[in-house]
Amino acid sequence: MTPFLRILMLIALTGTMLLGNERALISLAETPFVDDQMNLNVELSLANRSLTPVNEVRLYYRDQGSFEFENEILRAQGFRYRGKVDLSSYSGEMVEYFFRVEYADGQFQAFPRNAPEEDLLSVVANQQQSYGQGEVVIISPEPNERIVAEELVVTVSFFGFAERIDRERVRLFLNAWDVSRYVTVYDEFLTFNPRRVPPGRHQLRLELYDTNGRQIARREWSFFAFKRKGPQEVSEDFQVRGNAFALNRYESISNGRYANRFTRGGLNLTMTSDWMAMGGRVYLSNREDSRFQPINRYTGFARLNFWGDRYLRLTGGDTYPQQNPMLLRNTFVRGFYGELHLGGINAEYVTGKTRRGVEGEIRSDTSGAVIDTTRGTFERQLHAYRGSIGGGKEFQFGISYVKGRDDPRSIQFGVAPEEAAAMGADIFIALDKNRLMLEGAYNFSFYNPNILDGESIPLDTLNELGVDISRQVYDIATDMITVNQYLIPFPARSYFGRARLRYLNNSFSAEYRYVQDEFRSFGQPFQQRDIEGLVISDNIRLFQNQVLFNLQYRAFKNNLANIKLATTENRTLGVNLSYFPLRNLPSFTIGYSNYTRLNDLDSSDLFGYPEDNATNTVTFTSSYPFTLGEVQNRMTLNLLNYNRIDRIDNGFDNLSNSVSINLQTRYRFPLRHTLEFSFQQSENENATGGQVVTGNNLLFNAFGGGLEYRFDRLLNQIDNLTMGVNTRFGRVTTTRITSGTESEDKFSRNLFGGRLMYDNGSLGRLSLLGDWIVYGGDNGYEDYILTARYDVSF
Amino acid sequence: MLSLTALLWLFGSAAQADDNIAVVVKVNGKVSLTAEKSTESVPVKKGQVLKNRDRLETGAEAYCILKFLDDKSLLRINEKSSCIIEGKKEADAIDKNIFVELGSFFASLFQPKGKFEVTTPTSVASVKGTQFWVIQLGKAGPTRVVVTEGIVEVRNRAGKALAKKGQTASVASRTSPPEVRLTRSGDIPDAGEEELESQQNLEFEFEDSDGRKKVLRIKIEEER
């Protein structure tokens with residue numbers, strides 16, 4: 001069975017252009033797609049209208065049946081941010097994602113606008129398309145085989161689907177070199193028989209394509225070549241791998257009114273052998289500023305491998321521990337992280353800072369007297385311990401303790417240093433060859449939202465302040481946390497349980513989650529609190545995985561302690577049907593979702609936020625790869641209808657329709673081009689008594705294209721130069737209604753971009769990019785960005 | 001006529017394509033190949049593709065290792081040996097039969113797809129997922145099957161016997177039934193200067209949620 005990847009997506013284009021006062025105009029620069037290697041490729045266009053530079057843009061993604069997001073930093077290229085994430089572990093499932101822009105002052109902006117609570121983009125990560133009963137068999141050299149340098153014979157057979165393979169498109173890479181032209185391809189196998197290879201470890205990558213140019217198999221493996229005899233034999237004590245980059249980027253915004261220069265550099269280095277590994281990562285930026293949270297990153301690690309998969313790993317610097325998902329995940333800890341993994345018994349320890357202390361701003365009058373201060377950020381220390389039993393592949397039970405505390409003396413002007421001590425147990429069980437997986441965690445925490453000077457106050461004083469706790473409780477509590485009048489005097493709980501079943505072509509997942517509002521773990525900064533509910537999803541594969549049927553149900557409510565004015569319930573019901581034909585026909589996905597939010601307040605409530613709205617989204621996506629002569633094309637069509645109806649009298653209704661068409665063309669010679677067209681109409685209206693009071697309507701249409709050509713073998717046999725240009729012409733018409741009066745704003749937004757990229761294999765790759773945006777009409781100004789970047793891998 | 005010619009050509013191509021059954025991954029010394037219905041021998045080179053009913057012969061201090069294309073079953077042909085390798089395509093597998101004429105042979109099978117048999121002048125060794133030696137002493141002499149892993153069935157007209165790891169089946173002649181005894185030191189031929197590829201491997205088989213099997217192989221090598 002050969003995995004084969006096909007894309008399909010549901011793009012909720014709502015918010016493709018942002019309205020209102022967001023700092024940046026964000027749009028999808030290209031239709032996201034999942035490639036043959038099952039990587040989600042995204043490209044975001046970001047025009048920053050604020051004075052605050054963008055630190056980074058991250059893509060957050062998760063499978064639809066879970067809560068936790070993973071994330072990946074996107075790479076800046078002019079006004080665009082590109083990224084690629086591996087979705088192979090989500091095969092056959094629907095993956096949800098959104099983008100988050102982090103500014104230098106620590107503020108964030110999400111895309112789509114209401115993500116992740118209300119609005120997420122999604123994609124079907126499909127593969128496993130059946131190509132009969134065939135498989136790719138690596139005959140020689142086998143993975144990690146040691147051979148004599150003169151005796152390499154690469155042989156791979158592909159019985160069963162040989163008829164589908166385009167022999168002309170077979171690609172074999174020995175390390176970075178494309179050796180395809182030296183490969184002899186037979187009907188059901190291929191051989192590559194060089195005279196010799198240099199001693200050392202080598203990587204092989206084989207790619208097989210069908211007659212439509214779709215990749216149907218890919219294999220990567222390595223082997224070790226040594227000299228035949230004597231002392232010349234090369235030691236494989238350490239294999240060194242790494243990559244480095246240097247970047248310089250200059251931004252000129254609003255006719256040069258704002259200018260930013262970014263200089264960044266990074267190095268990743270790993271040295272591995274059979275018994276140990278060590279390495280490090282350094283990332284440096286000229287935007288590092290002690291007034292903000294760290295941007296520079298430094299990490300070093302050493303790993304000692306024991307027998308089996310047992311190991312000891314020590315990490316210093318910026319560590320990223322991933323433990324109990326409700327206690328310690330998704331945060332950098334600058335300090336030390338140690339892991340001892342013995343399979344049966346494991347131990348982990350983390351200590352360090354999760355936040356840098358940043359002094360508040362002092363404002364003085366003309367006489368120098370302090371008249372005001374802004375809130376500073378306390379330095380936050382974190383210590384975590386975890387002990388577990390089980391290797392983690394089939395079973396693991398762990399107990400964790402995470403203590404986080406702000407240092408009240410780290411800054412002079414700050415408000416309310418906090419402290420939290422959280423502990424919990426987590427379990428993971430995988431049965432029946434991972435077809436049945438159960439996981440869960442139960443945690444509780446003590447939280448003090450203001451530890452003042454960091455000292456506990458005497459019990460007598462506490463009693464005088466009206467806090468009634470016993471001596472026994474006081475003694476226990478003071479061992480864990482600072483006890484004063486602000487301590488929340490009861491432990492808060494959080495727990496979740498999740499079951500995943502993969503039977504009968506179903507991938508079923510059900511999760512229940514409960515997090516009290518007072519629950520805190522400083523090792524998990526993205527925990528959604530005051531929430532109780534469940535997520536159920538089922539991905540059903542039919543007809544040799546040609547048809548995917550996805551169902552999703554989410555239901556949550558807040559106000560668990562019943563102390564808020566109202567309880568808000570939100571529900572999502574979604575259904576998607578996807579078709580990925582085995583033959584070269586268009587694939588498509590049709591999707592529908594209904595999202596509702598409801599509480600029992602109405603518009604007459606002065607202190608609450610009444611909610612009673614429903615959002616219906618209908619999407620259609622189709623993708624068609626086709627070949628005309630020797631020209632490969634892929635056409636993608638996206639349609640979206642988004643309709644939010646607010647039943648609250650002064651609520652906002654939103655109606656959006658969008659269409660986008662994209663055509664990518666690739667020739668036999670190294671030329672490729674794209675053509676794209678998109679249209680979006682969006683209406684936001686705030687009505688009272690049936691009369692539109694405020695609103696804004698948007699009409700946005702754009703068309704564009706790109707052209708790219710690669711020149712091969714300029715200075716040697718492996719180098720190449722890629723030249724590319726792209727352009728996009730857009731027109732935006734915004735109609736604003738304020739107190740019943742309409743005003744219209746029209747402008748054009750035309751983008752011109754060019755890039756040169758010289759790649760010389762192991763010597764590295766130099767890229768020069770220029771992006772220029774011209775705003776016309778009512779808002780006439782220009783922005784441009786110039787970028788130079790050098791990358792090298794070794 | 002043209003259509004018929006084209007049809008024949010196509011048929012011939014297909015038949016020819018099916019003939020490829022193995023590839024030579026290692027050659028040392030003088031090893032020659034004689035194709036079926038040919039009397040001319042050519043030297044064997046690494047990477048050489050072997051067809052159905054090719055005859056291989058090794059000289060003194062020579063050996064070669066070949067692998068079958070369906071399941072990478074390995075056959076090592078030691079010095080002063082000769083055999084005909086036969087492979088018949090059955091769906092995605094190749095039914096293999098090694099017609100031993102003379103000499104010693106080592107076979108290593110892992111997750112075999114088709115049949116794997118070794119036919120000697122005295123008997124037939126039928127195997128599945130195992131490692132074993134076949135030693136043919138003289139063109140009409142006795143056969144010895146030394147099992148180093150798994151189980152081998154040895155049979156001839158006179159009877160059959162199962163030999164397990166650590167056992168050796170001996171067949172004196174075509175009319176003598178196979179006899180099984182414990183393997184003695186000296187039963188296993190000298191493998192020459194190179195280590196046998198699979199003799200010192202540890203193999204662990206894993207199966208993922210979709211039923212795909214993966215194998216972790218750990219190679220144990222002594223320091224020289």
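Residues numbered from 1 in each chain as written. Chains lettered and ligands numbered in written order. Predicted model: local features only at pLDDT ≥ 70, side-chain atom pairs only at ≥ 80, totals over all residues. Heavy atoms only, no water.

A. The overall build of chain B, seen in detail. What chain B contains, in helices and strands, is 1 helix and 19 strands. Here chain B holds 224 residues, and the buried ones make up 47% of them. Within chain B, residue pairs in contact and separated by at least 24 positions form 42% of the contacts whose partners lie at least 6 positions apart. (Helix = DSSP H or I, 4+ residues; strand = E, 2+ residues; numbered from the N terminus. Buried < 20%, exposed > 50% of the residue type's maximum accessible area, 1.4 Å probe, protein only. Contact = heavy atoms within 4.5 Å.)

B. The arrangement of the overall build of chain A in detail. Check the secondary structure of chain A and you find 2 helices and 48 strands. Here chain A holds 794 residues, and the buried ones make up 52% of them. Partitioning the intrachain contacts of chain A with sequence separation of at least 6 by distance along the chain shows that 60% fall at a separation of at least 24. As displayed, chain A offers around 36000 Å² of accessible surface, 54% of which is attributable to carbon and sulfur atoms. (Areas by Shrake-Rupley, 256 points an atom, 1.4 Å probe, with all protein chains shown as cover.)

C. Here's a closer look at the pairing of strand β9 (residues 93-103) of chain A. Residue and element names in this part refer to chain A. For β9, the buried fraction is high: 10 of the 11 residues fall into the buried class. Note: strand β5 (residues 54-63) against β9, 9 bridges, orientation antiparallel. What sits directly across from R58, in β9, is R100. The turn linking β9 back onto strand β10 (residues 108-111) is made up of 4 residues, and G106 within it adopts a positive phi angle of 90°. (Pairing = 2+ DSSP bridges.)

D. Summary view of unusual backbone geometry. Residue and element names in this part refer to chain A. Backbone torsion omega between F111 and P112 reads 0°, so that peptide bond is classified as cis. Position of P112 among the secondary structure elements: in the loop between β10 and β11 (121-126). In this structure, P141 follows S140 across a cis peptide bond, with omega equal to -15°. Topologically, P141 is positioned in the loop between β12 (137-140) and β13 (146-148). In this structure, L452 is a non-glycine residue whose phi angle is positive, near 55°.

E. Local environment of the confidence of the model for chain B. Residue and element names in this part refer to chain B. Mean pLDDT over chain B: 79, with 75% of residues reaching 70 or higher. For residues 192-204, every residue scores under 50 in pLDDT, and the model assigns this stretch 39 contacts once sequence neighbours within four places are set aside. Below a pLDDT of 50 lies the segment residues 220-224, which in the model reaches 4 contacts outside its immediate sequence neighbourhood of four places, other chains included. (pLDDT = per-residue confidence, 0-100.)

F. Spotlight on the pattern of salt bridges. All names here are of chain A. Per the stated rule, a full pass over the model turns up 56 salt bridges over all chains. Its salt-bridge partner being E419, residue R405 comes within 3.4 Å of it at the nearest N-O pair. Here E419 lies in strand β32 (residues 419-431) and R405 lies in strand β31 (residues 395-407), a separation of 14 residues in the sequence. The partly exposed category is assigned to R405, whose relative accessible area is 28%. Note that R571 and E569 form a salt bridge whose closest N and O atoms lie 3.6 Å from each other. Here R571 falls in the partly exposed class, since its relative accessible area comes to 39%. (Salt bridge = Lys/Arg side-chain N within 4 Å of Asp/Glu carboxyl O.)

G. Structural detail: a nonpolar patch on the surface. Residue and element names in this part refer to chain A. A contiguous nonpolar surface patch, about 760 Å² in accessible area, is contributed by F238, V240, L267, W275, V282, L284, Y298, L304 and F794. Breaking the nonpolar patch down by element, the ones donating at least two residues are β23 (276-285) and β24 (297-305). Within the element layout of this structure, V282 appears in strand β23. (Patch = residues over 30% accessible without salt bridge, like charges linked within 9 Å, V, L, I, M, F, W, Y side chains within 5 Å.)

H. Summary view of the environment of D530(A). Residue and element names in this part refer to chain A. Relative to the helices and strands, D530 is located in the loop between β35 (506-515) and β36 (531-542). For D530 and Y514, which are 16 residues apart along the polypeptide, the C-alpha to C-alpha distance reads 7.8 Å. Only 2.9 Å separates the side chain of D530 from the backbone nitrogen of L560, close enough to count as a polar contact. For D530, the side chain forms a polar contact with the side chain of K564, separated by 2.4 Å. (Polar contact = N/O pair within 3.5 Å; in protein donor to acceptor, adjacent residues only side chain to side chain.)

I. Main features of the sheet that holds strand β18 (residues 189-192) of chain A. Residue and element names in this part refer to chain A. Strand order in the open sheet formed by 4 strands is β12-β14-β18-β17, with antiparallel pairing between adjacent strands. The open sheet is flanked by β12 and β17 (184-185), the only strands paired with a single partner. The sheet contact formed by strand β14 (residues 154-157) and β18 spans 4 bridges and is antiparallel. For T155, the partnering residue across the bridge sits in β18 and is T191.

J. Inspection of the side chain of N20(B) at higher detail. Checked against the element boundaries, N20(B) lands in strand β1 (residues 20-28). Note on N20(B): relative accessible area 7%, which makes it buried. Excluding its chain neighbours within four sequence positions, the residues that come into contact with N20(B) are Y186(A), F189(A), V49(B), L50(B), K51(B) and L69(B).

K. Inspection of the packing of aromatic side chains at higher detail. Residues and elements named next belong to chain A. According to the stated counting rule, one finds 30 aromatic pairs over all chains in the structure shown. With centroids separated by 5.9 Å and ring planes inclined at 90°, the aromatic side chains of Y97 and F99 adopt a geometry described as edge-to-face. Of the two residues examined, Y97 and F99, each falls in the buried class. Taking 6.3 Å as the distance between ring centres and 35° as the angle between the ring planes, the aromatic pair formed by F306 and W307 counts as tilted. Relative accessible area serves as the criterion here: at 28%, F306 is assigned to the partly exposed category. (Phe/Tyr/Trp six-rings, centres within 6.5 Å; stacked < 30°, edge-to-face > 60°.)

L. How the structure looks around the pairing of strand β15 (residues 159-164) of chain B. Residue and element names in this part refer to chain B. Bridge analysis of strand β14 (residues 151-156) against β15 gives 6 bridges, and the strand direction is antiparallel. Of the residues in β15, the one forming a bridge with I151 is K164. Turn length for the β14-β15 hairpin, with the two strands adjacent in sequence and antiparallel, is 2 residues.

M. Quick peek at the state of the cysteines. Applying the stated rule across the entire model yields 0 disulfides over all chains. C64(B) takes part in no disulfide bond, and the closest cysteine sulfur, belonging to C83(B), lies 7.6 Å away. (Disulfide = S-S within 2.5 Å.)

N. Spotlight on helix α2 (residues 471-480) of chain A. All names here are of chain A. Regarding α2, the residues found buried are Y474, A477 and M480. For α2, the angular spread of the buried residues around the axis is 125°, confining them to a single face. Exposed and facing more than 90 degrees away from the buried side of α2 are Q472, I476 and D479. Close packing links the buried residues of α2 with β31, β32, β33 (436-448) and α1 (459-464). (Arc of directions from axis to C-beta.)

O. Spotlight on the environment of K139(B). All names here are of chain B. Within the secondary structure, K139 is located in the loop between β12 (131-136) and β13 (143-149). Between the C-alpha atoms of K139 and T120, which are 19 residues apart in sequence, the distance is 8.8 Å. Look past the residues within four positions of K139 in its chain and what remains in contact with it is E101, L102 and P121.

P. Quick look at the confidence of the model for chain A. Residues and elements named next belong to chain A. Mean pLDDT for chain A: 85, with 92% of residues reaching 70 or above. Here residues 1-21 is a poorly scored stretch, pLDDT under 50, and it has 119 contacts once near neighbours within four places are set aside; other chains count. Per-residue pLDDT stays below 50 along residues 230-235; that stretch engages in 7 contacts with residues further than four places along the chain or on separate chains.

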